[in-house]
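What follows is each chain in one-letter form.
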Amino acid sequence: MSLTLVQAWAKAKAQLEAVGLAGPVIDARLLVEAAADATRLDIVTDPYRTLTPEQEATLEDYLTRRSRREPVSHILGRKGFWKIMLQVTPDVLTPRPDTECVVDAVLKAGTEDERVSILDLGVGSGAILLAILAERPNARGLGVDVSEDALAVARDNAAHLGLAGRCALLRGDWADGLSDASFDIVTANPPYIASEVIETLEPEVRVHEPRLALDGGPDGLDAYRRLAPEILRVLKPGGRFAVEIGYDQKAAVEALFREAGAEGVRTNQDLAGLDRVVLGEKRALENPA
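Parameters and conventions
Residues numbered from 1 in each chain as written. Predicted model: local features only at pLDDT ≥ 70, side-chain atom pairs only at ≥ 80, totals over all residues. Heavy atoms only, no water. Helix = DSSP H or I, 4+ residues; strand = E, 2+ residues; numbered from the N terminus. Buried < 20%, exposed > 50% of the residue type's maximum accessible area, 1.4 Å probe, protein only. Contact = heavy atoms within 4.5 Å. Areas by Shrake-Rupley, 256 points an atom, 1.4 Å probe, with all protein chains shown as cover. Core = buried A, V, L, I, M, F, W, Y, C linked by side-chain atoms within 4.5 Å. Pairing = 2+ DSSP bridges. Axes fitted to C-alpha atoms, helices over the stretch in contact; angles between N-to-C directions. Phe/Tyr/Trp six-rings, centres within 6.5 Å; stacked < 30°, edge-to-face > 60°. Lys NZ or Arg CZ within 6 Å of the ring centre and 35° of its normal. Expected span 1.5 Å × (residues − 1). Bend = angle between axes of the 7 residues up to and from the residue. Arc of directions from axis to C-beta. Salt bridge = Lys/Arg side-chain N within 4 Å of Asp/Glu carboxyl O.

*Asks:* I would appreciate a short explanation of the overall build of the protein in the present structure.
*Replies:* If you tally the helices and strands in the protein, you get 12 helices and nine strands. Its C-alpha atoms give the protein principal-axis dimensions of roughly 85 × 40 × 35 Å. Looking at the protein as a whole, 49% of its 289 residues qualify as buried. For the protein, contacts bridging at least 24 residues in sequence account for 66% of all contacts bridging at least 6. Roughly 13,900 Å² of accessible area belongs to the protein as shown, and the carbon and sulfur atoms make up 53% of that amount.

*Asks:* Looking at this structure, I do not really get the nonpolar core. What am I missing?
*Replies:* One broad trend across soluble globular proteins is that nonpolar side chains are buried collectively. By size, the foremost hydrophobic cluster in this structure holds 33 residues, and its most contacted members are Leu 119, Leu 121, Val 186, Ile 231, Phe 241, Val 243 and Phe 257. Listing elements by their share of this core, those giving two or more residues are strand S3 (117-121), strand S4 (140-145), strand S6 (183-188), helix H11 (222-234), strand S7 (235-244) and helix H12 (250-259). Sort the elements by how many residues they give to this core and H11 lands first, with seven residues. Excluding residues within four positions of it along the chain, Phe 257 makes contact with Ala 228, Ile 231, Leu 232, Phe 241, Val 243, Ala 262, Val 265 and Val 278.

*Asks:* Would you explain the pairing of S7 in this entry?
*Replies:* Successive side chains on a regular strand alternate, one facing one side of the sheet and the next facing the other. For S7, a buried count of seven out of 10 residues is recorded, marking the element as mostly surrounded by other parts of the structure. Bridge count between S7 and strand S9 (residues 275-281): five bridges; the pairing is antiparallel. From the neighbouring strand, Ala 242 faces S9, where its bridge partner is Leu 279.

*Asks:* Teacher, can you tell me more about the side chain of Glu 33 here?
*Replies:* Tracing the chain through its elements places Glu 33 in helix H2 (residues 25-36). Assessed through its relative accessible area of 13%, Glu 33 is described here as buried. Leaving out residues up to four positions away in the same chain, Glu 33 has contacts with Ala 38, Thr 39, Arg 40 and Ile 43.

*Asks:* Could you clarify how one ought to interpret the sheet that holds strand S5 (residues 167-171) in this entry?
*Replies:* Hydrogen bonding along the main chain pairs the strands of a sheet, whether they run parallel or antiparallel. The strand order across the open sheet built from seven strands is S5-S4-S3-S6-S7-S9-S8, with neighbouring strands paired in mixed fashion. Only two strands of the sheet have a single neighbouring strand rather than two, namely S5 and strand S8 (263-269). Averaged over all pairs of adjacent strands, the angle between their axes in this sheet comes to 15 degrees, without regard to strand direction. Docked against the sheet, helix H8 (residues 148-160) engages S4 and S5, running at close to 170 degrees with respect to S5.

*Asks:* Quick question: what am I supposed to make of the packing of aromatic side chains here?
*Replies:* A ring pair, where both rings are aromatic, is described by two values, the distance of the centres and the angle of the planes. The final tally for this structure, using the stated rule, is one aromatic pair. A ring pair is formed by Phe 241 and Phe 257, whose centres lie 4.3 Å apart and whose planes are at 15 degrees; its orientation type is stacked. Remark: Phe 257 occurs in helix H12 and Phe 241 occurs in strand S7; sequence separation between them is 16 residues. In this structure, Lys 13 packs its charged tip against the face of Trp 9, placed 4.6 Å from the ring centre.

*Asks:* What am I meant to see in H11 here?
*Replies:* Because the α-helix completes a turn every 3.6 residues, residues three or four places apart line up on one side. Over its 13 residues, H11 extends 19 Å from the first C-alpha to the last, a length consistent with the 18 Å expected when each residue adds 1.5 Å. The largest bend in H11 is about 30 degrees, located at Ala 228, with the proline Pro 229 one to four residues further on. Residues Ala 223, Tyr 224, Leu 227, Ala 228, Glu 230, Ile 231, Leu 232 and Val 234 constitute the buried set of H11. Close packing links the buried residues of H11 with S3, S6, S7, H12 and S9.

*Asks:* Could you clarify how one ought to interpret helix H4 (residues 53-67) in this entry?
*Replies:* The first and last C-alpha atoms of H4 sit 21 Å apart over 15 residues, in line with the 21 Å expected at 1.5 Å per residue. Residues of H4 that are buried: Gln 55, Leu 59, Tyr 62, Leu 63 and Arg 66. Down the axis of H4, the smallest arc covering the buried residues is 95 degrees, so these residues share one side. Those residues of H4 that are exposed and angled more than 90 degrees off the buried face are Pro 53 and Glu 54. Tucked into the core, H4 has its buried residues touching helix H1 (5-18), H2, helix H5 (72-76) and helix H10 (203-206). Positive backbone phi, approximately 75 degrees, marks Arg 69, located one or two places after H4.

*Asks:* For this particular structure, what's the right way to read the pattern of salt bridges?
*Replies:* Note that side chains of opposite charge can pair when their charged atoms are close. Summed over all chains, the structure comprises 29 salt bridges. Measuring nitrogen to oxygen at the nearest pair gives 3.7 Å for the salt bridge that ties Asp 42 to Arg 49. For Arg 49, a relative accessible area of 28% puts it in the partly exposed group. A salt bridge links Glu 148 to Arg 155, with the shortest nitrogen-to-oxygen separation between them at 3.0 Å. Residue Glu 148 is classed as partly exposed on the basis of its relative accessible area, which comes to 36%.

Here is the structure:
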């Protein structure tokens with residue numbers, strides 16, 4: 001007898017709980033929705049709709065993969081971020097709610113109609129840059145990444161979101177080769193996990209995420225040592241930056257940006273109350289007397 005939507009959800013939750021996955025309710029619902037071509041509303045308003053044999057087989061495949069700790073974003077090939085939906089592959093970091101704090105900080109510091117040039121270093125899937133461009137119709141952006149595979153994902157996402165016309169994507173090593181004082185805003189979510197800590201992470205991250213996007217060197221700060229002076233170099237006078245950090249890196253990263261000459265350096269917290277985004281500005285030009 002075919003499973004109904006509500007039965008499929010209950011089965012999925014039980015199966016994921018049985019293998020020790022913490023908080024499987026959302027994962028189970030997302031996998032059922034995708035397998036059954038259903039929405040969250042369908043599960044509430046039409047809970048006794050039955051799955052076809054093909055849909056049940058797809059759900060079983062999804063649950064098997066999730067039980068082996070493959071991330072839901074990789075199983076479905078997509079992940080919601082801010083107000084956009086992004087394609088996700090193993091070549092890019094899965095966008096996380098913490099990183100939305102970078103987007104939030106940039107948007108709150110500007111106006112909806114501002115004409116700004118944005119540089120996103122380590123663009124990955126395009127999450128930060130595309131989320132900002134989607135909210136700022138007069139903005140233009142450049143995303144840089146060392147991984148050509150990541151750039152391919154970002155290009156697809158830009159095209160699907162209708163943002164390719166305002167977004168250039170370039171292979172490069174951070175800001176190397178970019179002109180001085182050429183951007184109004186610079187963002188980055190660099191690798192910031194200490195190398196030895198990576199092996200202690202959950203399999204979803206340790207096995208399935210690109211190490212290049214995680215490994216911040218022995219103390220997790222290698223990227224910031226390069227980025228701080230480079231970000232200040234490519235920012236226009238008066239321009240601003242926002243970079244994601246690890247929860248325990250506030251003092252060290254703030255110090256690096258102050259040493260590089262940044263002004264107004266401060267840190268925003270995420271929804272969990274942890275330090276998450278270091279912000280600041282490049283000194284504006286003095287007005288002539």
